[in-house]
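If you want the building blocks of each chain, they are given just below.
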Amino acid sequence: MLGDIIDFLLTLAKDWGYWGIIFLMFVESSFFPFPSEVVMIPAGYLAHQNELNFWLCLFCGTFGALLGALLNYYLCYFLGREVLLKICKYFGVSEAKFAQFEAFFNKHGEISTFSGRLIPGLRQYISLPAGLARMNLKKFIFYTSLGAGIWCLILLILGYILGKNEDLIKEYLHFVIVACIVFAAMIVAIYIYIQKRKKHLKNF
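Along every chain, residues carry numbers that run from 1 in the direction the sequence is written. For this predicted model, a pLDDT threshold of at least 70 governs which residues receive local features, and a threshold of 80 or more governs which side-chain atom pairs are given and counted, while totals over whole chains, interfaces and linings are taken from all residues. Where side-chain values are given, they derive from all heavy atoms of the structure, hydrogens and water being excluded.

Before going further, it helps to examine helix α4 (residues 54-79). Over its 26 residues, α4 extends 38 Å from the first C-alpha to the last, a length consistent with the 38 Å expected when each residue adds 1.5 Å. Sitting at the amino-terminal end of α4 is Asn53, which places a side-chain oxygen 3.0 Å from the backbone nitrogen of Trp55. Helix and strand assignments come from DSSP, with helices taken as H or I runs of at least 4 residues and strands as E runs of at least 2, each series counted from the N terminus. Following α4 by one or two positions, Gly80 has its phi on the positive side, about 90°. A helix is expected to span 1.5 Å for every residue after the first. In protein, a polar contact requires one atom able to donate a hydrogen and another able to accept it; more generally it is a pair of N or O atoms within 3.5 Å, and residues adjacent in sequence count only if both atoms are side-chain atoms.

Structure follows, in structure tokens:
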């Protein structure tokens, strides 16, 4: 099944080129349930075959992810929580799940738009509460692009090294996801420590 999907996406990437990567990552980064792994890993394989340029794939993947995140951001920014909840339920995002995204953003602050991009199940949706909170747009673009860029780079490298070996991709993708979650947790912990340190110094 995965092999058929990869073959289809390889063909799609060849036919659509970089525009296909932008479009598919835009879809993945919005609230549609579409995994980035099946876009960027085949793109990495095509880069290895010299069908596509590795760095252009990285740029297109990051840019597409940013566009999808901006869609979510502005939907929340202009429509508000109640209207968006009615829309999101058609894409499998319940009110309880939406509340979890909000809680993560409220707990970890603006840095969550970076760290959240590295966590499966949260990556596509962390931009929703950022829009509700009307987070500074420049910071949102910076953090989102940084997180999305790191994730796309990891997947591209995975595809570049492992190629079309389905078993190896399944095996190593699990370790990559765990490593990303640990890395994201470390970034959040460091950020929280710095913020607490700043507050502590201000009190003196």
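This paragraph deals with the state of the cysteines. Here, the word disulfide means a covalent bond between the sulfur atoms of two cysteines. The disulfide criterion is simple: two cysteine sulfur atoms within 2.5 Å. Evaluation of the coordinates by the stated rule reveals zero disulfides. Free of any disulfide, Cys60 has its nearest neighbouring cysteine sulfur in Cys57, separated by 6.8 Å.

Regarding helix α5 (residues 81-88), the residues found buried are Leu84, Leu85 and Cys88. Looking straight down α5, one finds its buried side chains confined to an arc of 105°; they lie on one side. Facing away from the buried side of α5 by over 90 degrees, the exposed positions are Glu82 and Lys86. The elements touched by buried residues of α5 are α4, α6 (95-108) and α8 (127-132). Only protein chains enter the accessibility calculation, which uses a 1.4 Å probe; a residue whose area is less than 20% of its type maximum is buried, one above 50% is exposed, and one in between is partly exposed. Regarding the arc, it is the one traced by the directions from the helix axis to the C-beta atoms. Contacts are residue-level and defined by heavy atoms, with any inter-residue pair within 4.5 Å sufficient.

Take the nonpolar core next. The nonpolar core is taken to be a set of buried Ala, Val, Leu, Ile, Met, Phe, Trp, Tyr and Cys residues, with the residues joined through side-chain atoms within 4.5 Å. Judged by nonpolar contacts, the single largest core of 51 residues is most densely connected at Ile21 and Met40. Elements with a contribution of two residues or more to this core: α2 (18-29), α3 (37-48), α4, α5, α6, α8 and α9 (137-162). For this core, the element with the highest residue contribution is α4, accounting for 11 residues. Other than its neighbours up to four places away in sequence, Met40 contacts Ile21, Met25, Cys57, Gly61, Cys152, Leu155 and Leu156.

Angles run from 0 to 180 degrees between N-to-C directions of axes, and those axes are lines fitted to C-alpha atoms, restricted for helices to the stretch in contact. Where α2 meets α3, the closest approach of the two axes is 9 Å, and the angle between their N-to-C directions is 155°. It follows that α2 is roughly antiparallel to α3 by the angle criterion. Every pair of crossing elements has a handedness; the one defined by α2 and α3 is left-handed. Residues Ile21, Leu24 and Met25 of α2 pack against Val39, Met40 and Ala43 of α3. Asp, Glu, Lys and Arg are counted as charged, while Ala, Val, Leu, Ile, Met, Phe, Trp, Tyr, Cys and Pro are counted as nonpolar; the rest, among them Gly, fall into the polar class. Its residues placed into classes, the contact of α2 with α3 shows six nonpolar, no polar and no charged. Put simply, angles under 35 degrees are roughly parallel, angles over 145 are roughly antiparallel, angles from 65 to 115 are roughly perpendicular, and the rest are oblique. By the definition used in this description, the sense in which the near helix is turned from the far one sets the handedness, with an anticlockwise turn below a right angle giving left-handed and a clockwise turn giving right-handed.

These figures capture arrangement, not role.
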